[in-house]
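# Geometric and topological summary
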Amino acid sequence: MFASMGASIRFAAQTLPNEMVVFLRNLLGISLLLPWFWYQGPASLATRVPHLHLLRGLAGLGAMYCFYYAIAHMHLGEAMLLKMTAPLFIPFVALFWLRERLSGRVLLALAIGFGGIALVISPDLRQFDPVALIALLGGALAALAKVTVRRLSHSEPAPRTVFYFALTGAVVSALPLAWAWQTPGGDALLWMFAVALFATLGQLLMTHGFAFAPAGQLSAFTYSSVVFASLYGWALWHEAIQWSTICGALLVALAGVLAARARGDRASAIA
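As a starting point, this report considers the structure included with it. Quantities reported herein were computed from a predicted structural model and do not represent experimental measurements. (Residues numbered from 1 in each chain as written. Predicted model: local features only at pLDDT ≥ 70, side-chain atom pairs only at ≥ 80, totals over all residues. Heavy atoms only, no water.)

### A few points about the overall build of the protein chain
Selection criterion: Helix and strand assignments come from DSSP, with helices taken as H or I runs of at least 4 residues and strands as E runs of at least 2, each series counted from the N terminus. Both definitions apply: the radius of gyration is a C-alpha atom measure, and the globule rule equals 2.2 Å times residues to the power 0.38. A simple rule labels every residue: compare its accessible area, found with a 1.4 Å probe on the protein chains alone, to the largest value its type can have, and call it buried under 20%, exposed over 50%, or partly exposed in between. In what follows, a contact means two residues having at least one pair of non-hydrogen atoms within 4.5 Å. Under the convention used here, a 1.4 Å probe and the Shrake-Rupley method define accessible areas, while residue burial counts only the protein chains that appear.
The number of helices and strands found in the protein chain is 14 helices and zero strands. Counting helices and strands in the order they occur from the N terminus, the protein chain gives α-α-α-α-α-α-α-α-α-α-α-α-α-α. Here the protein chain has a C-alpha radius of gyration of 18 Å; the compact-globule value for 271 residues is 18 Å, and the two agree. The principal-axis extents of the C-alpha atoms in the protein chain amount to approximately 50 × 40 × 30 Å. In the protein chain, which comprises 271 residues, the share counted as buried stands at 53%. A fraction of 89% describes how many contacts in the protein chain between residues 6 or more apart in sequence connect residues 24 or more apart. Accessible area for the protein chain stands at about 12800 Å²; split by element, carbon and sulfur atoms hold 70% of it.

Below you can see the structure in the form of structure tokens.
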């Protein structure tokens, strides 16, 4: 779902600025969820943790801005891989938020992961794409959002969490439209509907999965989006798949799995 979302974003970004893409994704995401909440009634929106929903929404929105910008300006597979660096930042979120110490195994995993990132963003140690830093910032913000999602999953159903995420995103992302509004054409609207559909389905599946399985068991499967995104980039935009990207992706995936498992059951409770 997330790889398909990335491909749809690339098409939409050909005619729309990043601010419009982010706003329409959140607005259409709410529209897709409204029938469910209409059927469930207003009580389905009641929550005792609005502050966590707000934190998740703002962190996720910041990650969205970074990620969508990277998709429009980088190879799709590389952008998706840098988005998937969130597990490498989760230990730092746990350190500063929960005062959880970093074990030696976690530090080793982080060294492997950031080594893999270096292979992707600067394979020859000379050329460096500054857009990669924006994508990495998105990974850090996504880590904060994922920690918050895990906390929310203790009491909040997946549709409610996704709804408040889309609501926060739509309200906040409407502010830049004061200077960035552009009336979308028919093709752009169709691609944005595809973005919202794939993103909403992906969020629902991810949130539902985090509620039923530890992060250590899920982390290996989440990197499959990098494979699908690379195939989209190769098939649709003739983007070559570099050996440095493949090796970097394997190192980042290995590090993400090791970091999640090294933190054990305690990590599963927050990741």
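That covers the picture; the talk isn't over yet.
### A short note on helix α8 (residues 158–173)
Using the following cut-off: In a helix, the anticipated span is given by 1.5 Å times the number of residues less one.
Between its first and last C-alpha, α8 extends 22 Å over 16 residues, near the 22 Å set by a 1.5 Å rise per residue. Burial of α8 is extensive: 13 of the 16 residues sit out of reach of the surface.

### Things to note about the layout of surface pockets
Taking a probe equal in size to a water molecule and rolling it over the atoms shows the remaining empty space. Put simply, the rule reads: Only protein atoms enter the 1 Å grid, on which a cavity is a set of points fitting a 1.4 Å probe that cannot get out and a pocket is an open set with protein on both sides within 12 Å along at least 5 of 7 lines, lining residues being those with an atom within 4 Å of a point. Grid points are joined across faces, edges and corners, and a volume is the space filled by probe spheres set on the points.
Considered as a void within the structure, the largest pocket measures approximately 490 Å³ in volume. Lining the largest pocket are 20 residues; nearest its centre among them are Phe 2, Met 206, Phe 221, Thr 222 and Ser 224. For the lining of the largest pocket, the elements supplying multiple residues, two or more each, are α1 (2–12), α7 (131–152), α10 (186–210), α11 (215–222) and α12 (224–237). Among the elements that make up the lining of the largest pocket, the one with the highest residue count is α10 (five residues). Volume-wise, the second largest pocket comes out at about 220 Å³. As for the second largest pocket, its lining consists of Leu 81, Tyr 223, Val 226, Val 227, Ser 230, Ile 241, Thr 245, Ile 246, Ala 249, Leu 250 and Ala 253. Of all the elements in the fold, those that place two or more residues in the lining of the second largest pocket are α12 and α13 (243–262). Here the lining of the second largest pocket gets five residues from one element, more than from any other, and that element is α13.

### Thoughts on empty space enclosed by the protein
As a reminder of what qualifies: Each residue gets one label: Ala, Val, Leu, Ile, Met, Phe, Trp, Tyr, Cys and Pro are nonpolar, Asp, Glu, Lys and Arg are charged, and the others, such as Gly, are polar.
A full pass over the atoms with the stated rule returns three cavities of 30 Å³ or more. Volume-wise, the largest cavity comes out at about 300 Å³. Together, 21 residues line the largest cavity, and Gly 60, Ala 63, Lys 83, Ala 142 and Gln 203 are the ones closest to its centre. Of all the elements in the fold, those that place two or more residues in the lining of the largest cavity are α1, α3 (50–73), α7 and α10. Considering every element that reaches the lining of the largest cavity, the biggest residue donor is α7, with seven residues. Partitioned by chemical class, the residues of the lining of the largest cavity number 13 nonpolar, four polar and four charged.

### A short note on the packing of α7 against α10
When two helices pack together, their arrangement is captured by the angle between the axes and the distance separating the axes. Cut-off, in case you're wondering: Only C-alpha atoms enter the line fits that serve as axes; for helices the fit covers just the stretch in contact. Angles between N-to-C directions range over 0 to 180 degrees. Orientation labels follow simple angle bins: below 35 degrees gives roughly parallel, above 145 gives roughly antiparallel, 65 to 115 gives roughly perpendicular, and whatever is left gives oblique. We call a crossing left-handed when the near helix sits turned anticlockwise from the far one by less than a right angle, and right-handed when that turn is clockwise.
Relative to each other, α7 and α10 sit at 60°, their axes nearing to 9 Å. Accordingly, the angle class assigned to the pair α7 and α10 is oblique. Crossing hand, α7 versus α10: right-handed. In this structure, α7 uses Lys 146, Val 149 and Arg 150 to contact α10, whose residues at the interface are Met 206, Thr 207 and Phe 210. A class-by-class count of the residues in the contact of α7 with α10 yields three nonpolar, one polar and two charged.

### A word on the packing of aromatic side chains
Heads up, the rule is: The pairing test for Phe, Tyr and Trp rings, Trp by its six-membered ring, is centres within 6.5 Å, and the orientation test on the planes gives stacked under 30 degrees, edge-to-face over 60, and tilted for anything in between. Our definition puts a charge over a ring when NZ of Lys or CZ of Arg is within 6 Å of the ring centre and also within 35 degrees of the ring normal.
One pass over the full model with this rule turns up five aromatic pairs. Look at Phe 11 and Trp 191: their rings are 4.3 Å apart centre to centre, the planes differ by 10°, and that puts the pair in the stacked class. Remark: Trp 191 occurs in helix α10 and Phe 11 occurs in helix α1; sequence separation between them is 180 residues. Taking the relative accessible area as the measure of exposure, Phe 11 reaches 22% and is therefore partly exposed. What makes Trp 191 partly exposed here is its relative accessible area of 32%. A ring pair is formed by Phe 67 and Tyr 68, whose centres lie 5.9 Å apart and whose planes are at 55°; its orientation type is tilted. The same class applies to Phe 67 as to Tyr 68, namely buried. Counting every residue linked through ring pairs, the aromatic cluster contains Phe 11, Trp 191 and Trp 237. One cation-aromatic arrangement involves Arg 10 over Trp 237; the distance from NZ or CZ to the ring centre is 4.8 Å. Here the guanidinium or amino end of Lys 83 rests over the ring plane of Phe 67, the centre of that ring lying 5.4 Å away.

### Re the environment of Phe 96
Checked against the element boundaries, Phe 96 lands in helix α5 (residues 86–98). A sequence separation of 17 residues divides Phe 96 from Gly 113, and the C-alpha atoms of the two residues are 20 Å apart.

Keep in mind these values describe shape, not function.
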